[in-house]
Amino acid sequence: MNFWQIYKNFVRGVSVNRVGKIGVILTTAVVVTFVIFETAQTFGLIRNAYLGLITYLAFPVLFIVGLILIPIGWAKYKKQTGKSTHELLNQRFDADAVQPGLLGSPLVRTIVVFTILNVIILTAASVRMLHFMDSAHFCGTACHTVMNPEWVTYRKSPHARVPCVECHVGEGVNALIKSKLNGVRQMYLAALGIYNTPIPTPVHQLRPARETCEHCHWPEKFYGQRLKTTFSYAMDSLSTPRYTTLNVKIDAGGPGHQPGAHWHIGEANQVTYTSEDDKRLTMIEVHARQADGSIRSYRNRRYDRSANASKPSVMDCIDCHNRATHIYKEAETVVDESIRLGLLDRNLPFIKKEALGALLANYPTQEAAQKGIADRLYNTYKRRFPDAVLKHSAALTQAVTVLQEAYGTYIHPQMKITWGTYPSHIGHRRGLGCFRCHNADMIDPNGASIRHDCTMCHSILAMDSPGRFEFLSEPEQGTPAAQMHQYLREEFLKSKY
Ligand code: HEC
Ligand code: HEC
Ligand code: HEC
Ligand code: HEC
Ligand code: HEC
């Protein structure tokens, strides 16, 4: 007898009443659909997180329910007929199926084989489920409204290929279980619509940064300096370019190296801090362990209440790189970079000013913004610069598209995320960043503050200047800038590092 025949006979045998039949239909249907979905997913035909959620969460549950229904149906049948199992088996199955053999009757063997098959199917489904729930696609899109901001910014970041769980879930079984329980709780809250808008930051249960980030970036790698030029554009009709060039010191320090930003995570050093309300924005106390083992302590002299001081934290990557992946650019950065890339055309008069105005205007919803940006640009240019519109109409259309896209990426009204909601701690442009600690109020017992002179973290070779290396030019003697030019020439051109 072939497998199909055995299956048919078995199914006929256990489909004793409606409950039994539903059980059989349910299990069979689930397995068939699961196989179809799995195949489609493997070949990339399905990428929808909701479908994935159904396949991996609902299917195993339905499968088990189906399996349980079969014996329930049988028990009911037994009660109804009042006959013994033996009698019923003889009645429902062929005589040779219930004939006892060396390894039990054929029926018992069939049941054993089906049970093994069921266990295999369930295990495979569970493994696939865990794997799927670890995929960035699932984390980013299953709870669309809530996670969409993190998802879109992630996909534009340098870590777009790093799975969420690499950074957000620690190593080991404990961390896995904790994160899954947390995930279930979050899914439940999201379904009920109970969540904070915007999602609060910092994330306290983020797995230890040194464990995650150092998988791919190790501190010994941080040496030397990075020359960085940023382009910005004036608000005039030509959107005139200006340059800021920094030589950013990123060294971790050590023998023969001038320390830079990664000094804090250098092997010999350690910085601990307490902050107000554990938000890591207002620092209260900072302790620095130096290479020689001594500790220097600083206290914020503007802050004498210590009631809501956090527990001490050891400074790690995320205290600076809090926007390593979920990067929310500022409106001005978006516009400057788009001009630089030629996406916004400087042939359109005042494009810097108009583009920035369109991005920063107040719109109640995403739809209103998409329409508002288009209306605003088309109207302004048609009214004020009709010639430019005639000559550069394609550029104007492109400008509208570029700005609409940027607005969609960085602004999320449903999560109350607007420009500046999640400032970066790198630098000190928006929010205090490095100046949270490096400022005149953070003093040691002798009243000396943590250093914060402008050349400690970077040399400034140009600052909103017409040239990229403005401050390295031969100084014009007697002007106020001469001294600074001289200093930079000394430091930069004759630097030993
Ligand atoms: C390269 C590491 C990395 C990856 C990959 C990553 N994150 Fe994050 N995530 C972070 C860091 C760092 C923070 C900010 C933590 C802080 O400031 O305390 C963060 C914060 C968050 C927050 C809190 C809101 C915020 O922006 O501060 C959410 C929600 C989040 N991540 C979800 C995700 C999701 C979903 C994915 C995958 C699609 C993902 N993350 C991938 C590093 C990462
Ligand atoms: C799985 C490996 C991996 C992990 C884990 C990882 N990164 Fe990266 N990161 C990369 C790669 C690869 C790049 C380079 C991308 C490029 O050059 O375009 C990068 C780039 C960066 C950059 C430079 C970004 C830029 O604009 O040039 C920073 C800063 C950074 N990572 C910080 C972090 C931090 C902080 C963490 C921990 C929260 C982290 N990374 C975790 C792989 C990783
Ligand atoms: C005190 C703040 C601070 C801490 C702590 C810190 N960084 Fe950085 N990191 C910086 C700054 C500042 C830069 C330069 C910024 C830039 O070029 O955009 C930088 C640059 C980087 C880069 C790009 C390097 C390159 O070659 O261009 C990577 C990667 C990086 N950091 C990873 C890490 C990792 C991983 C950790 C934790 C082990 C860490 N950082 C800790 C401030 C910090
Ligand atoms: C949580 C507080 C804190 C933050 C935030 C912080 N620092 Fe520091 N930083 C310190 C302390 C404390 C020292 C050591 C001061 C001492 O030795 O007395 C230090 C030392 C340094 C040094 C080494 C100075 C030297 O010559 O020995 C550099 C460079 C530096 N920080 C750059 C940065 C940059 C860049 C940022 C922002 C990206 C930053 N720091 C953010 C606390 C902080
Ligand atoms: C504790 C370290 C630190 C100190 C002190 C410091 N800066 Fe910075 N600054 C940074 C870092 C880090 C960045 C970001 C570099 C990057 O984007 O890679 C930055 C960025 C800048 C920029 C470019 C900002 C932009 O438009 O993007 C300017 C200009 C600047 N700093 C000027 C100054 C001046 C002027 C001083 C003295 C008052 C100063 N900085 C002191 C760390 C420091």
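Note that the structure is predicted; figures quoted are calculated from it, not measured. (Residues numbered from 1 in each chain as written. Chains lettered and ligands numbered in written order. Predicted model: local features only at pLDDT ≥ 70, side-chain atom pairs only at ≥ 80, totals over all residues.)

**Considerations on the overall build of the protein**
Here's step 1: When helices and strands are counted, the protein shows 17 helices and 8 strands.
Here's step 2: For the protein, the C-alpha radius of gyration of 33 Å lies well beyond 23 Å, the compact-globule estimate for 497 residues.
Here's step 3: With the C-alpha coordinates aligned to their principal axes, the bounding extent of the protein is approximately 115 × 70 × 40 Å.
Here's step 4: Pairs at least 24 residues apart make up 61% of the contacts formed inside the protein by residues separated by at least 6 positions. (Helix = DSSP H or I, 4+ residues; strand = E, 2+ residues; numbered from the N terminus. Rg over C-alpha atoms; globule rule 2.2 N^0.38 Å. Contact = placed C-beta atoms within 7 Å.)

**Topic: the sheet that holds strand β6 (residues 313-314)**
Here's step 1: One open sheet accounts for 5 strands, arranged β6-β3-β4-β5-β7; its pairing is antiparallel. Each end of this open sheet is capped by a strand with a single partner; those strands are β6 and β7 (442-443).
Here's step 2: As paired elements, strand β3 (residues 270-275) and strand β4 (residues 283-289) share 6 bridges and run antiparallel to each other. Each residue of the ladder has a partner; that of T274, found in β4, is E285. (Pairing = 2+ DSSP bridges.)

**Notes on the pairing of strand β2 (residues 241-249)**
Here's step 1: Pairing between strand β1 (residues 225-233) and β2: 9 bridges, direction antiparallel. Within β2, the residue paired with Y233 across the bridge is P241.
Here's step 2: By the bridge criterion, 5 bridges tie β2 to strand β8 (residues 458-465) in an arrangement that is antiparallel. Looking at β8, one finds that V248 is bridged to H458.

**Observations regarding the packing of helix α13 (residues 351-360) against helix α16 (residues 393-410)**
Here's step 1: Remark: α13 packs on α16, axes separated minimally by 10 Å, with the N-to-C direction vectors making an angle of 40°. Comparing the axis directions of α13 and α16 gives the class oblique. When the axes of α13 and α16 are compared, the crossing they make is right-handed. Where α13 abuts α16, its residues I351, A355, A358 and L359 lie against A399, L403, A406 and Y407.
Here's step 2: Partitioning the contact of α13 with α16 into residue classes produces 8 nonpolar, no polar and no charged. (Axes fitted to C-alpha atoms, helices over the stretch in contact; angles between N-to-C directions. Parallel < 35°, antiparallel > 145°, perpendicular 65-115°, else oblique. Left-handed = near helix turned anticlockwise from the far one by under 90°. Nonpolar A, V, L, I, M, F, W, Y, C, P; charged D, E, K, R; others polar.)

**A closer look at the site of ligand 3**
Here's step 1: By nearness alone, 21 residues border ligand 3, and C213, H217, A261, C317 and C320 come closest of all.
Here's step 2: Where the shell around ligand 3 is concerned, the elements lending two or more residues are α11 (209-216) and β1.
Here's step 3: Looking at which element gives the most residues to the shell around ligand 3, the answer is α11, with 4 residues.
Here's step 4: The class makeup of the residues in the shell around ligand 3 is 11 nonpolar, 4 polar and 6 charged. (Near = placed C-beta within 6 Å.)

**Structural notes on α13**
Here's step 1: Regarding α13, the residues found buried are I351, K352, E354, A355, A358 and L359.
Here's step 2: Those residues of α13 that are buried are in contact with β1, α12 (331-340), α14 (366-384) and α16. (Buried ≥ 20, exposed ≤ 12 C-beta atoms within 10 Å, placed from the backbone.)

**A word on the environment of I373**
Here's step 1: On the secondary structure map, I373 appears in helix α14.
Here's step 2: The class of I373 is buried, set by 25 C-beta atoms lying within 10 Å.
Here's step 3: Between the C-alpha atom of I373 and that of Y363, which follows or precedes it by 10 residues, the distance is 9.3 Å.
Here's step 4: Apart from residues lying up to four places away in sequence, I373 is in contact with A358, V400, L403, Q404 and Y407.

**What to know about the site of ligand 5**
Here's step 1: Near ligand 5 there are 19 residues, and of these G427, C434, H438, C454 and C457 occur at the shortest range.
Here's step 2: At the level of elements, β1, β2 and β8 are the ones that each hand at least two residues to the shell around ligand 5.
Here's step 3: The class makeup of the residues in the shell around ligand 5 is 10 nonpolar, 7 polar and 2 charged.

**As for the nonpolar core**
The tendency in soluble globular proteins is for nonpolar side chains to be buried as a group.
Here's step 1: A355, L359, A399 and L403 are the most contacted members of the largest nonpolar core, which totals 25 residues.
Here's step 2: Those elements that place two or more of their residues in this core are α12, α13, α14 and α16.
Here's step 3: Considering every element that reaches this core, the biggest residue donor is α16, with 8 residues.
Here's step 4: Listed in part, the 10 residues of the second largest apolar core include Y273, V286, Y298 and C437. (Core = buried A, V, L, I, M, F, W, Y, C linked by C-beta atoms within 7 Å.)

**Brief notes about the packing of α12 against α13**
Here's step 1: One can describe the packing of α12 onto α13 by two numbers: an axis separation of 9 Å at closest approach and a directional angle of 140°. Judged by the angle between their axes, α12 and α13 are oblique. As α12 packs across α13, the resulting crossing turns out to be right-handed. Between α12 and α13, the residues in contact are A331, E332, V334, V335 and I339 and I351, K352, A355, L356, L359 and L360, respectively.
Here's step 2: Residues belonging to the contact of α12 with α13 are distributed by class as follows: 9 nonpolar, no polar and 2 charged.

**Re the sheet that holds β1**
Here's step 1: Read across the sheet, 3 strands follow the order β1-β2-β8 without closing on themselves; strand pairing throughout is antiparallel. Only two strands of the sheet have a single partner each, and these edge strands are β1 and β8. Each strand of the sheet is rotated relative to its neighbour by a mean of 15°, with strand direction disregarded.
Here's step 2: Its contacts with the sheet put helix α17 (residues 482-493) on β2 and β8, and the angle it makes with β8 is roughly 130°.

**Examining unusual backbone geometry**
Here's step 1: The amide bond that connects T197 to the next residue, P198, takes the cis arrangement and shows omega of -15°.
Here's step 2: Relative to the helices and strands, P198 resides in the loop between α10 (173-192) and α11.
Here's step 3: Across the junction of T201 and P202, the peptide omega takes the value 0°, indicating a cis bond.
Here's step 4: Locating P202 in the fold gives a position in the loop between α10 and α11.
Here's step 5: Its identity is not glycine, yet R280 carries a phi of approximately 65°, on the positive side.
Here's step 6: Along the chain, R280 falls in the loop between β3 and β4.

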